[in-house]
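Residue-level listing of the chains:
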Amino acid sequence: VDRVISRPGGCVLMVGPSGVGRRTAVQLAAYLHRMELITPKVSRGFDTQQFLQEIKEAVSSAGTLAKEVILLVEEWQLTEPGILEVINGLLASGEAPGLFSNQEITKIERDVREEFQQQGYRQRNEFAFFLSRVQRCLHLVLLMNPEHKDFGIRIEANPAVISRCEIVWSSGWGRELTSEVPRSLLAPALEPLNASVDGVVSVLRALHGHIEGASPRQLVNMTKTQLRIFETKHGELAQQHSFLKAGLDKLADAEATVDTLSRDAEEQRVKLGRKQEEANAALTQITESMDVAGKQKNEVEVLQKKLAEEEVAMQEKRTAVQAELAEVQPMVEEAKKAVGGIRKDNLNEIRSLKAPPEAIRDVLEGVLKLMGNRDTSWISMKKFLARPSAISEIMNFDSENISVENLNAVKELIQGKSNSFKAEVIGRVSVAAAPLAAWVKANVKFAMVMTKVAPLSAELKKLDASIQFSRKRLEQCEQDLSTLDDRVADLKNKFASLTAEAERLRAGLEKAERTLQQATTLLGQLSGEKIRWASQLKGLDDKFASLSVDAAMGSAFITFLPLKDETERSLAVQDWEQMLNCDTSTPLLDLLSTESERLKWKSLGLPADQLSNENAVCILNSSAWPWLLDPSSLANKWLIGKMDGKPLEQISQSDPRFLMQLELCVRFGKVAVVMEADSVEPALVPLMRGDVIQQGTRTQVVIGEKTVDLADGFAMYFVTRSPSLSLSPDERSTVTVVNFSVTRSGLEGQLLGLTLQSEKPELEARKAQLLQQEEDMRVSLADLEKALLEELAKSQGDILENVQLLESLNKTKAHSSEIEAALQESTKVQAELDVERNVWKPLARLGTAAYLSLSELPAVDSMYRFSLPSFFRLFQGALASPRQGTSQEGRITQLSAEVKRRTFAYVSRAMFKADRATFAVQLSRTLYPETAGEDDWRLLTGAAVVEGSKAELPSWVPVDRRPAVAKVIAAKPQAMGGLIGSKQGDWQTWFSNPEPENVPTPDEMPQGKAFDRVLVISALRPDRLISALSKWSCDILGIADIQPPTLRLSEIVREEATKNIPILFVVTAGSDPTGDVEDLADRLKPQGGLAQVAMGQGQTEAAEAALEQAAANGGWLLLKNVHLVAGWLSGLEKKVHSMEAHDNFRLWLTTEPHPKFPAILLQSSLKIAFEAPPGLRQNLSRSFGSIRPSLFSAGEELKAQLMFVLTWTHGILQERRTYVPQGWTQFYEFNTADLRAASEIVSQRVQGFSVDWDAVHGLLEGAVYGGRLDTDVDIRTLRTYIQSLFTTKMVSARAGEPPKGKLSKGVKLPNSDNATDYVAIINKLPAVDAPSVFGLPANVGRTVQEAAADRLGRHLRAMAAAEVGSAGFNRDVWSSRLQPLLTGWQRIASDPTVRDLQQGAATGGGSNVIPDDLGPLETFVLLEAAS
């Protein structure tokens, strides 16, 4: 590219696959040369005029400013052929017609005039100078893909693209690039994970190279997908591995701890025993001490009670004594006080007296006597007074212990010497003696009172002694009790200590035992998990080892296989595994989904079959944009449900606001689901290709003419119901096309569900409920096990010490066990339900086979397409049929018959008469394959290679049938062996029967297969094969004949058609249903009336306007001849499917068979085959009704007769087409328009009873019918008919005179102008026409029937091939099919004659004679060998 654009006017045609790097190379070259790079911005409706506007700037810059400009045009920008024509003009002359207006050309000339003059007028004018600059400075780079279907046509139509451009042709990346590009994408992510980048690259390169036509862009997409899968799965596996290992380590630690806990628990148990013994001993001591203390307490209580009583008595006596002493006691106390006041001097004074006075002597004598001193001499008195303690002794004298003797002695002294004791006397004598005298008198008086109260005092003393004893004893007891209490307290403290220690040991033991029990229980409960986790851990190691290959295989599956069916996917994966020398790889579903996820998908409406689940995985993991081929709309429903919670917009490409809606989705990060997307809008290509623009932190993309910010979260999905897409190779490489076509298992499940909803709703409801419960339980179980593992793995420290963790684990395990038990019970109940459900499976299986047989009909005619929703409606209609009888088996039989009847009626109504037998045979064999074995089927269709019997055949066997008869005899000797045996006469009789299919063959056994008779007829009487197969099919299907029920349009309008389901008439030449639709509209009178549009060029806008009006007001719309606008019909179907129309709206369409008729419209319509009525009677009935009633006027007998003759002639001409090539040399399209034109010509040539026969003959032969004929033979035939039928003898010569001639045997015209009389003639005609009616020999029918049988055989072979093709390459099937051919070839090649010829050819000698008795195949082989 650099070399070419460096040259003046250098232009490049870059041819290569998508993603090879052409655009990148141009951008780099433009950057290196500082050239401006311009590429057109494509918007909706981009056409040639817009392209001219887009390139005008580039052309102007190059021509006016001499600026080097690169104009890059990519293939997706060539939206019209005119755009490439413009490019061709630029390359050829630098000029594009219509690029500049006259005013712009004038301005250009003015702008370049000065430079033009400076250049010396080398060009003829300024504009030529401008164009020369354009050719020199404008570098046009055109990118094209050789795989595009229009590549060759475009190159041939625009020669300058080849002649004026350097061609850079790249078929793809070489080995280096296919390694380096994936490596550059993978290395940054895989190297930190210690993954082998080179190994992954080699696998990806091998897988990419194994796919034929894989583009570099697909390699990039596959690499990105592999990287995403690898990183995601590696992270998941690493986390799972970490959890599993941590969980297993925790369990291992727990197991190791159990032994330690057991030993510790035993030691603690022994310690606890000792402590409990010590505590028991202490408790015994406490008990004994408590007993003693109890006795002591009792004694204390007794003493306390006694002491209290004694104290009360003592108090009472003391009160009495104190009452007696109350008077004396103060005197004593006062005397004591007075004595205490005596001074020592006063006593010394008395003691100094040599002879004391009598009064003193008497007082001192009384003192001494009271104190118990018998010596009352003065000397004794002086000694007493000399004592230092004399006063204190007197003061402390116990007055209560005065003896009686001393008291009496003192009393006598006082009585005898009373004067000496008088206070006034003794006071005068001695100050010291007076207090002593008072003391003596007081004590005497006190003693006297004490004597008086002596008994009380004695008792008081006794009580006091008792009290003192009791108190001492009480003190002793209290002391002993205190001692005991202290001992008990000590014992209690010791017991408490021992008990606490024991309790601590017991708590520790209980904790240890509890922990041990919990550990044992936990380990026991988790034993199963441990084994499973250990196995899973080992499995994870294996998965880590194979993850790179698995991710590569998964990415290749997602990139290349979503469009394939189940068989092709399986075979491709097997081929990849064999190529990579890998025994097995992880299946895609196991690699990228879980069972719980698939259960959730099923609840969202996704079919449960493997294909649908694989498709879901591809959609969710593709690096390209998913494109869903969804004929049943179930995948779209699942996708919408899967995106629940995300901002989502459903938009349509047919919506005028489509680009604006998509821009909003891109800008705000929404999910865009593009509905009814059959092709890529060119404006989306940059977005789909990932052409992003980085503006700082902003990421932008170009959509049409706008640059839009690309927000995170944006995703785009394409959905279409159409089975075919219109994608260029470049567009296809940016998307992942996912095929959701129905599978046998998926359809059988859906039909079984419909059956049970109708017949056993409670069973289906219970099944649905159980499935939902089981789904919830399985999800919960998976979540619980994950939580269990995570909780175990994330726990800190010893799990046996973590009570909360153990409780949580136990609860989780218990819940898991409950769920597992519930799942087992649910499985058991489901098994019981499945037994009941499986009773209805044969009906679902029959329905599935019936629908799959329809999928092969396009091999017969592309118009025979039927959708799954339409079959669902048909199946539900059969289920709604009234029940006959009460038995379940009878109901299944009834519904099976109803499904077969409705299926055949619905499909045969849409098929032409010639193809109904084909469908009946195909449906019969599909539903009941056991009725016709594979070998028998191949024998019927001519696909079998069988060596014919060498036995001699009877002479009456036709020569052309002998090879076929020999093959049947060899293959089925039990069915036809008698032909060469003893039953030749019986066989000849059977052969001569006009309807041999209704008569058993001579060799036919009562228990023989009915299909054997069909094989015999195909060999001997192929003219009766259609009848034989029809009879065989009717017997199997349980129908009367292969003709559909009488067409009643009114029932179709009311019961089948809806506002969104059109009615499509597939017509043949010469048939037109317009009149029937008009008659029906006249009877039913639709609300908005009937509107009609005859389609053709320029009528689509009128049709769309009529469609909108009829849809709004509830009218009917008839669009005729829509095959003329086949390209417009896809948009019509989308509009009808999605429009909100009035409920009474009906759309009618008529079309002839057309190979490009949209399949989706065919599938979604109610199809009715409308062909010219078979047979002369039906033909005349329809044709006669199309003639204007005004031609049958009163008194116009001749005109009426001529109209019938014309109708008869028209019918004869049409029906002779049945006998091509005998009737006509080829098929001619004589139609209703011919009849109407002829009727006008004939009516205009009648004047009364005069007819211009020459004009009639000439116009009918030359202008009406003869213009369609190609051969002289056919022209002569036509001329004969016209001249023999349009004659005077065929009509009335005058009024009232009947015609003389007859149209045919027994057919003579009435002399009438009443149309009813002519209708009566038509009704009398036989239903089956004899060939003689058409002037043909009687055996001409056999040729026609044989041709029809041959056509049926071709169709059956085509459908068989379509069946094999749709199933993909199956080695077993192909081996089975090719084995007879290979065996036959080996037999022929080993023939001695062949060897002789081969040897002769090799040596130049040998025999070159070809035997005359060899068949054509043997002769061919010998000739080939000889050459």
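Computed from a predicted structure; not experimentally measured.

Thresholds applied
- Residues numbered from 1 in each chain as written.
- Predicted model: local features only at pLDDT ≥ 70, side-chain atom pairs only at ≥ 80, totals over all residues.
- Heavy atoms only, no water.
- Pairing = 2+ DSSP bridges.
- Helix = DSSP H or I, 4+ residues; strand = E, 2+ residues; numbered from the N terminus.
- Axes fitted to C-alpha atoms, helices over the stretch in contact; angles between N-to-C directions.
- Core = buried A, V, L, I, M, F, W, Y, C linked by side-chain atoms within 4.5 Å.
- Buried < 20%, exposed > 50% of the residue type's maximum accessible area, 1.4 Å probe, protein only.
- Contact = heavy atoms within 4.5 Å.
- Arc of directions from axis to C-beta.
- pLDDT = per-residue confidence, 0-100.
- Polar contact = N/O pair within 3.5 Å; in protein donor to acceptor, adjacent residues only side chain to side chain.

## Regarding the sheet that holds strand 1 (residues 12–15)
And step 1. Spatially, 2-3-4-1-5 is the arrangement adopted by the 5 strands of the open sheet, whose pairing is parallel. The open sheet has two free edges, formed respectively by strand 2 (36–38) and strand 5 (166–169), since each of these has just one partner strand. Along the sheet, successive strands turn relative to each other by an average axial angle of 20 degrees, direction set aside.
And step 2. Relative to strand 5, strand 1 runs parallel, the two being bridged by 4 bridges. The residue of strand 5 that forms the bridge with valine 12 is glutamate 166.

## Re the nonpolar core
And step 1. Grouped together as the largest cluster of nonpolar side chains are 126 residues, with contacts concentrated most on Leu1119 and Trp1148.
And step 2. Beyond its immediate stretch of four places on either side in the chain, tryptophan 1148 contacts Leu1049, Val1053, Ile1063, Phe1065, Val1077, Leu1080, Trp1116, Leu1117, Leu1118 and Leu1119.
And step 3. Listed in part, the 69 residues of the second largest apolar core include Ala62, Val73, Leu84 and Leu140.

## Re helix 38 (residues 962–971)
And step 1. If you check which residues of helix 38 are buried, you get Val965, Ala966, Val968 and Ile969. The arc that holds every buried residue of helix 38, seen down its axis, measures 165 degrees, which confines them to one face.
And step 2. The inward-facing, buried residues of helix 38 abut helix 37 (934–941), helix 39 (973–976) and helix 41 (1010–1020).

## A short note on the confidence of the model for the chain
And step 1. In this model, the chain carries a mean pLDDT of 83, and residues with pLDDT of at least 70 account for 90%.
And step 2. When pLDDT is averaged over each element of the chain, strand 1 comes out on top at 95 and helix 56 (residues 1392–1403) at the bottom at 58.
And step 3. Per-residue pLDDT stays below 50 along residues 1365–1369; that stretch engages in 8 contacts with residues further than four places along the chain or on separate chains.

## Brief notes about the side chain of aspartate 691
And step 1. With respect to the helices, strands and loops of the structure, aspartate 691 is situated in the loop between helix 28 (685–689) and strand 9 (692–695).
And step 2. Take aspartate 691: its relative accessible area is 18%, and that puts it in the buried class.
And step 3. Engagement of the side chain of aspartate 691 in a polar contact is seen with the side chain of arginine 23, the distance being 3.0 Å.
And step 4. Beyond its immediate chain neighbours, meaning those up to four positions away, aspartate 691 contacts Arg23, Pro686, Gln700 and Val701.

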